[in-house]
Amino acid sequence: MKLPMIPLSILELGRVRQGSDRRTALNDARTYAQQAERLGYKRIWVAEHHNMPGVTTAATSVVIGHIAAGTSSIRVGAGGIMLPNHAPYVIAEQFGTLEALFPGRIDLGLGRAPGTDQMTLRALRRDPANADNFPQDVQELQAFLAPKGTNQRIEAVPGSGSNVPIWILGSSLFGAQLASSLGLPYGFASHFAPQALHQALNVYRNNFKPSAQLDKPYAMVGVNVIAADTDEEARYLATSQQMSFTDLFRGTRGLMQPPIEDIESYWSPQEKAQAGQMLDCSVIGSRETVSDGLQKLIEKTEADELMIVSDIFDTAKRQRSIEITAQAMA
């Protein structure tokens, strides 16, 4: 069966690899985006994470500017900004500035998780209770990005009138309910939390209310894709991501490690089970395997778009992975 022609996009974390450095990671992210643009990917997003030695996208809007400046047509955005960490007014100014610099190419995905641990949250001077205000903060941000009202005394400059497209991102039913009630596109983080994927999509679609931004539901599904010329090579390359998740469970987050031949020697049975649960929405293999795996995912989810995560140590192999993935969808 031929794959339906839905857009492919990319989530980028700016991974710092062992033997490399942070500047290289940020420049690799831009080179990666350039490759994705040539291959016809629709968008590349970067995610806000803090206090993670192996991730360089904490200053998300700055990284978006770096990538957008090195590309010309691919959409660039946040996947996402963790809004409880910020004043909506500041985010409106930042993304209004990006839209002014790169018109028609900027996306703003929003999440309500902190993107970090509780100690780092205190360093950000944020109250954990801010997450309870997420729906109100989203609407406030929408207002700052809309045209200035007649009696509006506080204006985001740049920002007002930019109408940067807002997405709601999540891994639970909360985000699905909010996206449906506000009539916004919805992205589900099934690349690391797939358990509620189908339930969340049903909630979103069944309760969707059209808005000025969107007249019908639009759902993006995250999926880990490690593609290579053979299934064996892809499974080998995937061990870097598997080790990263194992280290996360151990509380020993560090730089991305090169792949290993025997992943069973690295993790315990419990860690394997934990990683397997989080990475359940993954497709690993050759072009044929990837084509089959994505076909099944699209059929099950009826996704409007796929957000690809290719967490691979070797940058050339990572570029090859998204090339094979694009071919699998051609």
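Look up a bit, the structure's there.
In what follows, the accompanying structure is described. These numbers were taken from a predicted model, which means no experiment stands behind them.

## A look at the packing of helix α6 (residues 173-182) against helix α7 (residues 197-206)
Stage number 1. Close contact between α6 and α7 brings their axes to 8 Å; oriented N to C, the two are set at 20°. Relative to α7, α6 is oriented roughly parallel. Read as a crossing pair, α6 and α7 show a hand that is right-handed. Between α6 and α7, the contacting residues are Leu173, Ala176, Gln177, Ala179 and Ser180 on the first element and Gln199, Ala200, Val203 and Tyr204 on the second.
Stage number 2. Along the lines of polarity and charge, the residues of the contact of α6 with α7 split into six nonpolar, three polar and no charged.

## Considerations on the nonpolar core
Stage number 1. Core analysis: the largest hydrophobic core is formed by 81 residues, its most contacted members being Leu108 and Leu306.
Stage number 2. Ranked by residue count, the leading element in this core is strand β7 (residues 219-227), at six residues.
Stage number 3. Those residues within four positions of Leu306 in sequence are excluded, and the remaining contacts are Ile6, Pro7, Leu8, Ser9, Met220, Val221, Val223, Leu294, Leu297 and Ile298.

## Here's the deal with the packing of aromatic side chains
Stage number 1. All chains considered together, the criterion is met by six aromatic pairs.
Stage number 2. Taking the centre distance of 5.8 Å and the plane angle of 85° together, the rings of Trp167 and Tyr218 count as edge-to-face. Of this pair, Trp167 sits in strand β5 (residues 166-170) while Tyr218 sits in the loop between α7 and β7, and the two are 51 residues apart along the sequence.
Stage number 3. Classification of Trp167 as buried rests on a relative accessible area of 4%.

## Some thoughts on the environment of Pro128
Stage number 1. By secondary structure assignment, the location of Pro128 is in the loop between α4 (118-123) and α5 (134-145).
Stage number 2. Overall, Pro128 belongs to the partly exposed group, its relative accessible area being 49%.
Stage number 3. Placed 43 residues apart in sequence, Pro128 and Asn85 show a C-alpha to C-alpha distance of 8.9 Å.

## Re the environment of His49
Stage number 1. Relative to the elements of secondary structure, His49 occurs in the loop between β2 (43-46) and α2 (60-69).
Stage number 2. By relative accessible area, His49 is classed as partly exposed at 25%.
Stage number 3. Separated by 82 residues in the primary sequence, His49 and Ala131 have C-alpha atoms spaced 16 Å apart.

## Looking at helix α11 (residues 287-301)
Stage number 1. Along its 15 residues, α11 runs 21 Å from first to last C-alpha, staying within 8% of the 21 Å computed at 1.5 Å per residue.
Stage number 2. Residues of α11 that are buried include every one of Val290, Gly293, Leu294, Gln295, Leu297, Ile298 and Thr301, and no others.
Stage number 3. If you follow the buried residues of α11, they end up packed against α7, β7, β8 (282-285), β9 (305-309) and α12 (315-329).
Stage number 4. A positive backbone phi angle near 55° is found at Glu302, which sits one or two residues after α11.

Thresholds, definitions, all that
- Residues numbered from 1 in each chain as written.
- Predicted model: local features only at pLDDT ≥ 70, side-chain atom pairs only at ≥ 80, totals over all residues.
- Heavy atoms only, no water.
- Axes fitted to C-alpha atoms, helices over the stretch in contact; angles between N-to-C directions.
- Helix = DSSP H or I, 4+ residues; strand = E, 2+ residues; numbered from the N terminus.
- Parallel < 35°, antiparallel > 145°, perpendicular 65-115°, else oblique.
- Left-handed = near helix turned anticlockwise from the far one by under 90°.
- Contact = heavy atoms within 4.5 Å.
- Nonpolar A, V, L, I, M, F, W, Y, C, P; charged D, E, K, R; others polar.
- Core = buried A, V, L, I, M, F, W, Y, C linked by side-chain atoms within 4.5 Å.
- Buried < 20%, exposed > 50% of the residue type's maximum accessible area, 1.4 Å probe, protein only.
- Phe/Tyr/Trp six-rings, centres within 6.5 Å; stacked < 30°, edge-to-face > 60°.
- Expected span 1.5 Å × (residues − 1).

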